[in-house]
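Analysis of the macromolecular model
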Amino acid sequence: MTEVFLGQIMMTGFQFAPRGFALCNGQLLAISQNTALFSLLGTQYGGNGQTNFALPNLQGRVPVGFGSSVDGAWQPPVLSIGQTGGVESVTLLVTQLPTHNHLLQGTSVAGTSRNPTDKLYGTNTASLYASSGSALVALNADTLAPAGGTQPHQNMQPYKVINFCIALQGIFPSRN
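The chain is annotated in an unreviewed UniProt entry as Microcystin-dependent protein from Montanilutibacter psychrotolerans.

Here's what the structure looks like:
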């Protein structure tokens, strides 16, 4: 295997961290046992900076680049190393949904068919649909109403699970 830099993060397709690595799961490490790694990471990802520091937590997250974009036409907000953003679930409220109508119509004529092809909703009889040439009437406003009860929904992009691991041993990177 090639030599790695101390603090280098790599992706793995298995369920454990290889020897000399730790999972990027936000765990706290003792500064006294990891002084070189602490000198690189500091408390960017957490910890008290006196006795411990945290490793990055990349569980359920997507790493993004640090600093400004090299593409002058695309300048998203500048992010700091260790900054987190986004949420895994979102609760939508009725006030966040765009106003819109559902123009579903029916007829007051009795339904004569259970096949919806070229038919309209008819009055409540044994059959549901009436001839499409029948007089149109608006449905009761309660037929279509807000739903969801302000319950959260998943807000995660599509994903394939892999583990991110950080090197606890390796070459100390030079700054030039």
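Having seen the structure, we can now continue with the description.
A few points about the side chain of Thr12
When you line up the elements, Thr12 lands in strand 1 (residues 9–12). Relative accessible area serves as the criterion here: at 6%, Thr12 is assigned to the buried category. Not counting residues up to four positions away in its chain, the partners in contact with Thr12 are Pro18, Ile162, Asn163 and Cys165.

Topic: the packing of aromatic side chains
All told, the structure shown has 2 aromatic pairs when counted by the stated rule. Between the aromatic rings of Phe38 and Phe53, the centroid separation amounts to 5.4 Å while the plane-to-plane angle is 50°, which identifies the pairing as tilted. Separated by 15 residues along the polypeptide, Phe38 in helix 1 (residues 35–41) and Phe53 in strand 4 (residues 52–54) bring together distant segments of the chain.

Considerations on the nonpolar core
Counting residues in each nonpolar core, the largest one holds 12 residues, listed as Leu6, Ala22, Cys24, Leu29, Ile31, Leu37, Leu41, Phe53, Leu55, Leu58, Phe164 and Ile166. Setting aside chain neighbours within four positions, we find Ile31 in contact with Phe38, Gly49, Gln50, Thr51, Asn52 and Phe53. Val4, Met10, Phe21 and Cys165 belong to the second largest nonpolar core, which has 5 residues in total.

Observations concerning the environment of Leu37
With respect to the secondary-structure elements, Leu37 resides in helix 1. With a relative accessible area of 2%, Leu37 lands in the buried category. Distance from Leu37 to Asn155, taken between C-alpha atoms, is 34 Å for residues 118 residues apart in sequence. Those residues within four positions of Leu37 in sequence are excluded, and the remaining contacts are Leu6, Gly7, Leu29, Phe53, Leu55, Ala167 and Leu168.

Quick word on the sheet that holds strand 11 (residues 163–167)
One open sheet holds the 3 strands; their spatial order is 1-11-2, and the pairing between them is antiparallel. Each end of this open sheet is capped by a strand with a single partner; those strands are strand 1 and strand 2 (21–23). Averaged over neighbouring strand pairs, the angle between their axes works out to 35° when direction is ignored. Both strand 1 and strand 11 contribute to a ladder of 4 bridges, which runs antiparallel. Note on strand 11: the bridge partner recorded for Thr12 is Asn163.

How each quantity is defined
Residues numbered from 1 in each chain as written. Predicted model: local features only at pLDDT ≥ 70, side-chain atom pairs only at ≥ 80, totals over all residues. Heavy atoms only, no water. Helix = DSSP H or I, 4+ residues; strand = E, 2+ residues; numbered from the N terminus. Buried < 20%, exposed > 50% of the residue type's maximum accessible area, 1.4 Å probe, protein only. Contact = heavy atoms within 4.5 Å. Phe/Tyr/Trp six-rings, centres within 6.5 Å; stacked < 30°, edge-to-face > 60°. Core = buried A, V, L, I, M, F, W, Y, C linked by side-chain atoms within 4.5 Å. Pairing = 2+ DSSP bridges. Axes fitted to C-alpha atoms, helices over the stretch in contact; angles between N-to-C directions.

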